[in-house]
Amino acid sequence: MTEERASYRRILKSSSIIGGATFATILVGLVKMKVFALLLGPEGVGLFGVYAVLLALMTAFVGMGLNSSGVRELAVLTEKPEEMDRARWSLWLLTFALAIGGAFLVLLLHAPIAKFTSGEGAPFSATPWIALCVAISVVQATQMVVLQAFQRVASVARVSFYAAILSAAAGIAAVALLGQSGVLIALLAAPLAGMLVAFLERRHLPPLGPRPPGRAVMFGHWRTLLKLGGAFVVTVMMHRAAEFAIRAIIVRKEGLEGAGLYQAAVSISGNNVGLLLSALGAAYFPQLSALIGDRERAQEFLNQQVRVMLLISGPLLIGLVGGAPLALQILFSSKFVAGTSLLQFQAAGDALKLMSFALVYVMIVKGDSFRFTLIEGSFAAIAVTLCFVFSEYLGMEAYGIAWLCTNLIYTGLLIYACRKRHGIKVAGGNFRLLGCYILVCLVLIAVGSQSWVAALLLGGLASASAAAFSFHQLTLVSGTDRGSLLNRLRAGFRR
């Protein structure tokens, strides 16, 4: 077995474990959103999306980038138990301080929060729920950081899957019993379930030793975590602020119903692709951190990861573009079919995420905070600007076209920065494969504008052909026969 094939097999193993759990998590989330759509309609789904974005924005600010800086800090200490214990203690003490402080900050901001979520003169009933959600989300994020740092891939997968089931059950019950008022309970259920399941998974971690003496050491770790996290929190805040601004534009132009259509498209494509990539990063991030000192090995590993992601996820996105109206009707309701073109362009733009996801970790691991912040800030600014401009001339599809154009520019900037600054290049084969996916998606969008039935049939054929090609390529790069590869994938998806 060559070293390259062994590396591909390790990537496939971790991808199948994480991917299987994430795929199941996505299905559970889609079922939840389907129920929400039937019970609440586009307006209720739009309100849930507004709450979710607000929660993400506040959690990103309060969390101070610990979910990224913590992994980078702990991953290099796994072979040094004493230093790891000090770092874990520092991380947890800082986490609890941020969680409590963040909850109080949300309560202090009750007036603008109430105005944004409910309008003028509305009661402040949402604010305590959001404050509690923020505190729990910060704690839950640190639990996942520790699991990632120790590369407990199976534990990360289990937390994702079981938390999704528990939060979906609680959210559906709350909405069914309380109607639109139950949306806040559904919002709280996700981080709370994740925290509880992650707490049970701590048994797979080395036990945390007694709290070490020496405040200077503790403060030293805090300075490192916050310094590393500074760039992360700025960029995440910019992204969340951009999401906030885009939804504000949609609400102003299209009303809450338009926000509901946008939330549906994001739930089917954007959130699910983001969830999958974030989950895969649980294995990719620490492994890249260990290899980044060797440029050639890091570049090879990056291209292997990109190749596997394109081969696995590309056919799914092609099928989604072709079957967008059917997906909206099945997963939501006929009221959401008006967002078909939005979903199609959204999915085409998300194909670019399959490459940019791997490149952005290079910037993080290299500690290139200036360029990382500049590129991420450009992404946020371009996304909002294009949404505003396109919305003046187009309908709901404006926001999908803006997403596609933004991701095209963003991926180009990352490719240029990684090559010029860090000497890490994307293989030509990966460029060609991604280009084919984007081209097929655009053809399907054009066909769908004339006949959704023709797009569905052509999309099904293109997706099946891409899946057959992907399966053949995976057997070649991993050096396994088809039966062995299927068994590996099945084993991962059953975990």
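Residues numbered from 1 in each chain as written. Predicted model: local features only at pLDDT ≥ 70, side-chain atom pairs only at ≥ 80, totals over all residues. Heavy atoms only, no water.

1. With respect to the overall build of the protein chain
The cut-off we apply is this: What counts as a helix is a DSSP run of H or I of at least four residues, what counts as a strand is a run of E of at least two, and both are numbered from the N terminus. Note on contacts: a residue pair qualifies if any of its non-hydrogen atoms lie within 4.5 Å across the two residues. Calculation of accessible area relied on Shrake-Rupley with a 1.4 Å probe; when residues are assessed, cover is drawn exclusively from the protein chains displayed.
Check the secondary structure of the protein chain and you find 16 helices and zero strands. Partitioning the contacts of the protein chain with sequence separation of at least 6, the portion at a separation of at least 24 is 82%. Accessible surface computed for the protein chain: about 21,000 Å², of which carbon and sulfur atoms make up 65%.

2. Quick look at the nonpolar core
What tends to happen in soluble globular proteins is that the nonpolar side chains get buried as a cluster. Rules: Take the buried residues of types Ala, Val, Leu, Ile, Met, Phe, Trp, Tyr and Cys, join any two whose side-chain atoms come within 4.5 Å, and each joined set is a nonpolar core. With a 1.4 Å probe rolled over the protein chains alone, any residue whose accessible area is under 20% of its type maximum counts as buried; one over 50% counts as exposed, and the rest are partly exposed.
L288 and F332 are the most contacted members of the largest nonpolar core, which totals 131 residues. At 18 residues, helix α11 (residues 340-365) tops the list of elements feeding residues into this core. Discounting chain neighbours no more than four positions away, the residues touching L288 are A298, F301, Y361, V362 and V365.

3. Describing helix α10 (residues 324-331)
Applicable threshold: In this description, one arc is meant: the one made by directions from the helix axis to the C-beta atoms.
For α10, every residue scored as buried is listed here: A324, P325, A327, L328 and L331. Mapping the buried residues of α10 onto a view down its axis gives an arc of 160°, with all of them on the same face.

4. Regarding the environment of G260
Within the secondary structure layout, G260 lies in helix α8 (residues 215-291). We classify G260 as buried; its relative accessible area is 0%. The spacing of G260 and G339 is 79 residues in sequence and 9.3 Å in space, taken between C-alpha atoms. If sequence neighbours within four positions are ignored, G260 has contacts with P42, V45, G46 and F336.

5. Some details on the packing of aromatic side chains
Here is the rule: For Phe, Tyr and Trp, where Trp contributes only its six-membered ring, two rings pair if their centres lie within 6.5 Å, and the inter-plane angle classes them as stacked under 30 degrees, edge-to-face over 60, or tilted in between.
Summed over the entire model, instances satisfying the criterion amount to four aromatic pairs. Judged by centre distance (5.7 Å) and plane angle (85°), the rings of F379 and W403 are edge-to-face. In this pair, F379 sits in helix α12 (residues 369-391) while W403 sits in helix α13 (residues 397-422), placing the two residues 24 residues apart along the sequence. Each member of the pair, F379 as well as W403, is classed as buried. Seen in terms of ring centroids, F379 and Y410 are 4.8 Å apart; in terms of plane orientation they differ by 65°. Their pairing is edge-to-face. One end of the pair, F379, is in helix α12; the other, Y410, is in helix α13, and 31 residues separate them in sequence. Given a relative accessible area of 6%, F379 falls into the buried group. By relative accessible area, Y410 is classed as buried at 5%. Feature note: the residues F379, W403 and Y410 constitute an aromatic cluster, connected by ring pairs.

6. Section: the packing of α10 against α11
Test applied: Fitted lines through C-alpha atoms serve as axes, helices being fitted only where they are in contact, and the angles separating the N-to-C directions of these axes extend from 0 to 180 degrees. An angle below 35 degrees is read as roughly parallel, one above 145 as roughly antiparallel, one from 65 to 115 as roughly perpendicular, and any other as oblique. Here a crossing is taken to be left-handed if its near helix is turned anticlockwise relative to the far helix by less than a right angle, and right-handed if that turn runs clockwise.
Where α10 contacts α11, the axes come no closer than 9 Å and their chain directions differ by 110°. With respect to their mutual orientation, α10 and α11 come out roughly perpendicular. Considering the relative orientation of α10 and α11, their crossing is right-handed. Here α10 contributes A324, P325 and L328 to the contact with α11, which in turn contributes T340, L343 and Q344.

7. Structural notes on the environment of R297
One can find R297 in helix α9 (residues 295-322). Residues R297 and I424, 127 residues apart in the sequence, show an inter-C-alpha distance of 9.9 Å.

8. Notes on the confidence of the model for the protein chain
In plain terms, the rule: Within a predicted model, pLDDT stands for the predictor's per-residue confidence, ranging from 0 to 100.
With 77% of its residues at a pLDDT of 70 or more, the protein chain shows a mean pLDDT of 77. Low confidence marks residues 119-124, where pLDDT is under 50. Its contacts with residues over four positions away, or in another chain, come to seven contacts.

9. Observations concerning the pattern of salt bridges
Condition: The working definition used for a salt bridge is a side-chain nitrogen of Lys or Arg within 4 Å of a carboxyl oxygen of Asp or Glu.
Evaluation of the coordinates by the stated rule reveals one salt bridge. Note that R158 is salt-bridged to E201, the shortest N-O span being 3.1 Å. Of the two residues, R158 sits in helix α6 (residues 153-178) while E201 sits in the loop between α7 (183-200) and α8, which places them 43 residues apart along the sequence.

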